[in-house]
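Observations on the three-dimensional arrangement
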Amino acid sequence: MKYLYYVYQLLVGLPVLVIITIVTALEVGIGCAIGNGHFWSYYPGRWWGKIIVRSLLLPITVEGRENLESNQSYVFVANHQGAFDIFLIYGYLGRNFKWMMKRSLGNIPFVGFACRRSHQIFVDKRGPKKIKETYDRAREILKEGYSVTVFPEGARSFTGHMGIFRKGAFALADELQLPVVPLTINGSFDVLPRQRGFNFVNWHPLRLTIHQPIYPVGQGSENVDATLRQAYDSVMSSLVPEYQGFVENPDQ
């Protein structure tokens with residue numbers, strides 16, 4: 001069955017991935033140029049994520065959508081197990097949001113174009129001025145009523161375990177007094193472990209757990225630290241036993 005699945009990926013999964021990525025990028029670019037960026041910057045990407053996951057026949061479970069309120073902006077923070085985190089969150093979170101992502105992702109053909117046209121937030125670490133510009137942009141996005149989604153580990157895991165969480169997203173939530181929502185991703189590392197070069201996808205269920213929002217109980221460094229610890233513990237609590245516990249990530 002494994003080798004039949006590999007053949008299926010070559011004949012169906014890979015062509016779907018390439019075609020739907022190009023089509024989605026063009027939809028986003030043209031749609032945002034015409035108008036109604038609120039729609040075009042999110043919904044084509046949502047269907048992009050769903051189509052890719054479904055084309056690879058991966059089972060999806062989502063838990064905790066009832067924890068979210070309509071018309072509320074959130075700072076979503078998730079563990080970063082692998083590349084399929086993007087498809088899972090985009091396709092199945094069910095909230096209109098902007099990504100905070102590595103600047104290097106803007107160089108990916110079509111994907112980078114769509115991200116720039118839809119005003120996703122590229123995290124630029126080339127000095128204090130660039131970092132400030134990144135968070136100024138995120139602040140404006142949140143003030144406009146959007147949510148943002150962040151991988152506070154900053155890089156995909158090499159082991160499936162969680163590394164440390166950096167404070168940037170939590171400081172932003174603290175400044176604007178917004179709730180932080182932890183997200184736990186299971187299965188993404190098993191589907192496609194981090195490595196160099198091309199590799200086949202492994203069939204494995206994916207699960208997204210949306211935890212209770214963490215509302216600010218003050219403002220300042222104590223609230224930032226407390227929110228970070230609570231978010232980290234929440235994300236960790238829903239990981240499968242195999243990936244429980246901290247493992248240092250050399251990318252961080």
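Note that this is a predicted model, so its numbers are computed, not measured.

Turning our eyes to something else, we now look at the sheet that holds strand β3 (residues 97-102). With mixed pairing, the seven strands of this open sheet are ordered in space as β1-β7-β6-β2-β5-β3-β4. Unpaired on one side and paired on the other, β1 (60-63) and β4 (121-123) mark the two borders of the sheet. Each strand of the sheet is rotated relative to its neighbour by a mean of 20°, with strand direction disregarded. Sheet analysis places β3 next to strand β5 (residues 147-150), joined by three bridges and oriented parallel. Pairing of Phe-97 across the sheet is with Ser-147, part of β5. Lying on the sheet, helix α6 (residues 128-143) is in contact with β2 (75-78), β3, β4 and β5; it crosses β4 at an angle near 155°.

Looking now at the pairing of strand β7 (residues 206-210). Burial analysis of β7 places four of its five residues in the buried class, the great majority of the element. Of the pairings in the sheet, the one linking β1 to β7 comprises four bridges and is parallel in character. Across the sheet, the residue bridging to Val-62 is Leu-208, located in β7. Two elements, strand β6 (residues 180-186) and β7, share four bridges in a ladder whose sense is antiparallel. Pairing of Asn-186 across the sheet is with Arg-207, part of β7.

A word on the nonpolar core. One recurring pattern in soluble globular proteins: nonpolar side chains tend to sit buried together. Core analysis: the largest hydrophobic core is formed by 33 residues, its most contacted members being Leu-58, Phe-84, Ile-89, Leu-93, Leu-183 and Leu-208. Looking at this core, the elements with two or more residues in it are α1 (2-34), α3 (43-55), β2, α4 (84-92), β3, β6 and β7. Of the residues forming this core, the biggest block, six residues, is contributed by α4. Counting residues in hydrophobic clusters, the runner-up holds 26 residues, among them Ala-138, Val-150, Met-162 and Leu-172.

Quick notes on the rules
- Residues numbered from 1 in each chain as written.
- Predicted model: local features only at pLDDT ≥ 70, side-chain atom pairs only at ≥ 80, totals over all residues.
- Heavy atoms only, no water.
- Pairing = 2+ DSSP bridges.
- Helix = DSSP H or I, 4+ residues; strand = E, 2+ residues; numbered from the N terminus.
- Axes fitted to C-alpha atoms, helices over the stretch in contact; angles between N-to-C directions.
- Contact = heavy atoms within 4.5 Å.
- Buried < 20%, exposed > 50% of the residue type's maximum accessible area, 1.4 Å probe, protein only.
- Core = buried A, V, L, I, M, F, W, Y, C linked by side-chain atoms within 4.5 Å.

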